[in-house]
Amino acid sequence: MNTHGRMSGAHPMLKIVVWLGLMLLLTGVVLGTYSMLIQRGVIYPTVPVLKWLQFAQSIAVFILPAWLATCLWSHQPASWLHLSSGMRWQTVCLIFLTMIVALPGINLIADLNGQMQLPESMAQLEAAMKQMEEQAQQMMEQFLQTTNIWGLMGNIVLLAILPAIGEEITFRGVCQGMLEGSAQESQSGRQKLNFRTHCAIWITAIAFSFIHFQFYGFIPRMLLGALLGYLLCWTGSLWAPILAHATNNGMAVIAYYIGEHTTINADSIENIGTGDMWWLGTISIAATIGMLWMVKRSCRKSCN
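What counts and how
- Residues numbered from 1 in each chain as written.
- Predicted model: local features only at pLDDT ≥ 70, side-chain atom pairs only at ≥ 80, totals over all residues.
- Heavy atoms only, no water.
- Salt bridge = Lys/Arg side-chain N within 4 Å of Asp/Glu carboxyl O.
- Helix = DSSP H or I, 4+ residues; strand = E, 2+ residues; numbered from the N terminus.
- Buried < 20%, exposed > 50% of the residue type's maximum accessible area, 1.4 Å probe, protein only.
- Axes fitted to C-alpha atoms, helices over the stretch in contact; angles between N-to-C directions.
- Parallel < 35°, antiparallel > 145°, perpendicular 65-115°, else oblique.
- Left-handed = near helix turned anticlockwise from the far one by under 90°.
- Nonpolar A, V, L, I, M, F, W, Y, C, P; charged D, E, K, R; others polar.
- Core = buried A, V, L, I, M, F, W, Y, C linked by side-chain atoms within 4.5 Å.
- Contact = heavy atoms within 4.5 Å.
- 1 Å grid on protein atoms, 1.4 Å probe; cavity = no way out; pocket = protein on both sides within 12 Å on 5 of 7 lines; lining within 4 Å.
- Points joined across faces, edges and corners; volume = space filled by probe spheres on them.

Explain the pattern of salt bridges to me, using residue names and the numbers behind them.
In total, this model carries one salt bridge according to the counting rule given. A salt bridge links Glu168 to Arg172; the shortest N-O distance between them is 2.8 Å. One end of the pair, Glu168, and the other, Arg172, are both in helix 6 (residues 149–180), four residues apart, so they sit about a helical turn from each other. Since its relative accessible area comes to 0%, Glu168 is described here as buried.

Listed below in structure tokens is the structure:
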């Protein structure tokens, strides 16, 4: 039975409830299955098992609920999510280069964010957040450890490509689209930047950063989320923020691998643009703004 568009005329709140319900249901299935297998001794919480859990969660939490819900909302779900629109190769190259140029600037903003301190009255909360981030960092380092190129490729898929697809479908595709009220099924899918669009981009960016539960990386992740939102508007293609997101994550995965298998320290890559090299981070921010202007300009004719 074809269910596409069954809820096309439903109230937005009902659509959100259905989407969140699907997310909770599928997440519960994955976590319930994992817990049952652990309790029965079929599997153990080793790093490979946790990687498979991460893979399943990426599908269950981000990709499947968003896609199934959109199928109910629209007769053309791929168009609604802006997945049916492609990009010119020049735009692809510009976005890829922009994310590389932005690395020192992101490092600088992250370093400044990491120096923020809460009031003394919130010292316990601050300590708890730092502990959570340290634990998350330790887990990520365990995920990143690999001995060969095939392990690196697997990490790029698991920690860069898959999260980029899932999170962009959820945040830029569903959240930003719902907030903007732009459930358009036009061929271009491009949106004009008005007040509502700007609000949708920034609210989604804040939610995108908040959901990672990392206070000391909140600001750079929020700015990255806004950048991804504007890329969607300028290009009309969800593949633009997916590419930028995957490039950003992929550089971190590759940097760690280089640090583990060469004489280059991974920390030296992560610290580019910080400390005594703050000037490079500042130049990076200015250059990134310039390159984003070039991306916007390259799409201007088709965005009008």
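What follows continues from the structure just given.
Could you give an account of the packing of helix 1 (residues 12–39) against helix 2 (residues 47–73), naming the residues involved and the relevant values?
Contact pair helix 1 / helix 2: the axes reach a minimum separation of 9 Å and the direction vectors enclose 155°. By the angle between their directions, the pair helix 1 and helix 2 is classed as roughly antiparallel. The two elements helix 1 and helix 2 meet at a crossing, and its hand is right-handed. Looking at the contact of helix 1 with helix 2 residue by residue, the classes come out as 21 nonpolar, two polar and one charged.

Before we move on, can you summarise the nonpolar core with the specific residues and values?
Counting residues in each nonpolar core, the largest one holds 24 residues, and the members touching the most others are Trp19, Trp73, Leu81, Leu83, Ile169, Val174 and Leu238. Residue contributions to this core peak at six residues, all from helix 6. Once residues within four sequence positions are removed from consideration, Trp19 is found in contact with Pro65, Ala66, Ala69, Trp73, Thr170, Val174 and Cys175. Residues Ile201, Ala205, Leu224 and Ala226 belong to the second largest nonpolar core, which totals 19 residues.

Tell me about the layout of surface pockets, and name the residues and values.
In this structure, the second largest pocket occupies an estimated 400 Å³ of space. Lining the second largest pocket are 18 residues, with Leu223, Leu227, Thr288, Ile289 and Leu292 positioned closest to its centre. With seven residues, the single largest contributor to the lining of the second largest pocket is helix 8 (residues 218–235). Here the lining of the second largest pocket is composed, by residue class, of 16 nonpolar, two polar and no charged.

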